[in-house]
Amino acid sequence: MSARGPCAPPPAELDRLLRACIQCGLCLPHCATYLATANEAQSPRGRLLLLGRLVAEPSRVPAAAEIDALDLCLGCRACVTACPSGISATLLEVAKARAHAVRRGPGAWLIAALLSRRGALAALGAPIRWGRAALPRLPWTGSRVGRWVAAVPASWQDADLARLLAGLVARAGAGGASGTDGAARAARRATPPAPPRRVALFRGCASGALLPHAQQRLRALLTAAGCEVSVPRGQACCGALAEHAGQPRRAARQRRVNLAALARDPADVVIVEAAGCGLELQGYPPPLAARARDAAAVLAELPLPPPRAVPLRVAYHDPCHARHGQGIVDEPRALLARIPGLIVVEPREAEVCCGSGGPYALLHPELAARMGRRKAQCLAETGADLIVTGNPGCLGQIAGALRDVAPDLPILPLTDLLWWAHVAGEC
Ligand code: SF4
Ligand code: SF4
């Protein structure tokens, strides 16, 4: 989750940061890899102990199990949020960089190179989705990347999404438009236009390639809230995938491309839909760092048109890059709470990572699948009619797990639900 790459602090500073850990173990129940393995080495405390040993013995070649322990950290920062002693996220980045320095395989950079190209992802994704029902298996359908792409739920057209949500409402027992709905629609027509605000959309690789209709709906929401929306040309991957794969120079190149593309746009705010890209952009040099904002955080400040009633029980899944990386917890819930009839239900272990972690689920599929199933069970236990989230990686990871755990429980981008509540029928 580094923004500028894992620059290791000098040894004395590293030692000072490591001393912050008092070995209390309070972070353990928040760490997805510890919960999935029950192995202390796969816990924050275990990783920090190990990193301390490696720092103290710089000439020792770490054993394979030690490299595994560091490499399997998701970088989710749930431990940083939970730690009463204030450990630094830098330590986890340094630990991961140590693992990458010893273990450099072609898999990570190949996967990062593929996922960070919108065109390649879109080309791969379209026939896989199309072929799921109608075509014989394509050569890459069974590959790790193919399965990952196929797990991301369909990028619904507006009409299909509206049908899905109306069906959920009917199934939940509310059935059809209510009086509140009609009143809200009338109020919507009477609402004066909000003051325009210039915003630029950061497209992102997975959002832009795999969920293009959801991105259009976010644009419609922003427009309905009075924003003037631009999509600056020449954007690249934010660089997070290259960082995850241990390719800082590639990440730096992508940052330069984005800095140039977004500097040309006069928008006050750069809106980022995917929480992972948002955190990465907030680590760019100023002024872009201060302009990059999460879509939910911006929407929560905007005067959206009055919503229709949506009498559903909805659970929000917090992407770690939003909750632990950007401190975004209340905003998505506040947006849901504005919708009449909607009940927000809270899953247990809301702060624990789902196991997506950029290319992590592709590099460590079995461990990631275990974490995904645990997350899907926590969400299903709430009795929710619908799950929503703010990151395409989490969306695909949880959708894949829900197919086994609760096949009738759908998951959508938060902004898709907001679009249906506030805008559908008006655009
Ligand atoms: S909660 Fe903080 S101080 Fe306690 S073991 Fe975990 S990292 Fe160390
Ligand atoms: S960053 Fe996440 S996976 Fe890594 S040690 Fe902390 S809680 Fe565990």
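As a reminder, the structure under discussion sits directly above these lines.
Residues numbered from 1 in each chain as written. Chains lettered and ligands numbered in written order. Predicted model: local features only at pLDDT ≥ 70, side-chain atom pairs only at ≥ 80, totals over all residues.

1. Some words on the overall build of the protein
When helices and strands are tallied, the protein shows 24 helices and eight strands. Of the contacts formed within the protein by residues at least 6 apart in sequence, a portion of 79% connects residues at least 24 apart. (Helix = DSSP H or I, 4+ residues; strand = E, 2+ residues; numbered from the N terminus. Contact = placed C-beta atoms within 7 Å.)

2. Let's talk about the site of ligand 1
Around ligand 1, the surrounding shell holds 15 residues, and the nearest of these are Cys-21, Cys-24, Cys-27, Cys-83 and Ser-85. Of all the secondary structure elements, the ones that give two or more residues to the shell around ligand 1 are helix 3 (44-56) and helix 5 (78-82). With three residues, helix 3 is the largest single contributor of residues to the shell around ligand 1. Looking at side-chain class alone, the shell around ligand 1 contains eleven nonpolar, three polar and one charged residues. (Near = placed C-beta within 6 Å. Nonpolar A, V, L, I, M, F, W, Y, C, P; charged D, E, K, R; others polar.)

3. Remarks on the site of ligand 2
The environment of ligand 2 is formed by 15 residues, the closest being Cys-31, Pro-44, Cys-73, Cys-76 and Cys-79. Where the shell around ligand 2 is concerned, the elements lending two or more residues are helix 2 (32-37), helix 3 and helix 5. Its residues assigned to classes, the shell around ligand 2 shows ten nonpolar, three polar and two charged.

4. A word on the packing of helix 3 against helix 6 (residues 89-102)
The interhelical angle for the contact between helix 3 and helix 6, taken along N-to-C directions, is 65°, at an axis separation of 10 Å. Viewed along their axes, helix 3 and helix 6 form a crossing whose handedness is left-handed. Facing Arg-47, Leu-48, Leu-51 and Leu-54 of helix 3, the residues of helix 6 in contact are Leu-91, Val-94, Ala-95 and Arg-98. Here the contact of helix 3 with helix 6 is built from residues that sort into six nonpolar, no polar and two charged. (Axes fitted to C-alpha atoms, helices over the stretch in contact; angles between N-to-C directions. Left-handed = near helix turned anticlockwise from the far one by under 90°.)

5. Considerations on the environment of Leu-281
The topology assignment puts Leu-281 in helix 16 (residues 275-282). Judged by C-beta crowding, with 27 C-beta atoms within 10 Å, Leu-281 ranks as buried. Counting along the chain gives 26 residues from Leu-281 to Arg-255, while the straight-line C-alpha distance between them is 8.4 Å. Discounting chain neighbours no more than four positions away, the residues touching Leu-281 are Phe-202, Cys-238, Val-270, Val-272, Leu-288 and Ala-292. (Buried ≥ 20, exposed ≤ 12 C-beta atoms within 10 Å, placed from the backbone.)

6. Re the environment of Lys-96
Inspection of the secondary structure assignment puts Lys-96 in helix 6. Along the backbone, Lys-96 and Ile-67 are 29 residues apart, and their C-alpha atoms lie at a distance of 8.7 Å.

7. A few points about the sheet that holds strand 2 (residues 227-230)
Taken in spatial order, the four strands line up as 2-1-3-4 in an open sheet, and their pairing is parallel. Strand pairing shows two members of the sheet lacking a second neighbour, strand 2 and strand 4 (292-294), which therefore form its edges. This sheet shows a mean twist of 40° between the axes of neighbouring strands, independent of strand direction. Sheet analysis places strand 3 (residues 269-272) next to strand 4, joined by three bridges and oriented parallel. The partner of Ile-271 across the bridge, within strand 4, is Arg-293. (Pairing = 2+ DSSP bridges.)

8. With respect to the nonpolar core
In this structure, Leu-221, Val-272, Cys-353, Ile-387 and Ile-398 are the most contacted members of the largest nonpolar core, which totals 111 residues. Taken together, domain 1 (11-103) and domain 2 (151-157 + 307-422) each give at least three residues to this core, which thus spans both. Beyond its immediate stretch of four places on either side in the chain, Leu-221 contacts Leu-299, Leu-304, Thr-415, Leu-418, Trp-419, His-422 and Val-423. (Core = buried A, V, L, I, M, F, W, Y, C linked by C-beta atoms within 7 Å. Domains from an automatic or database assignment.)

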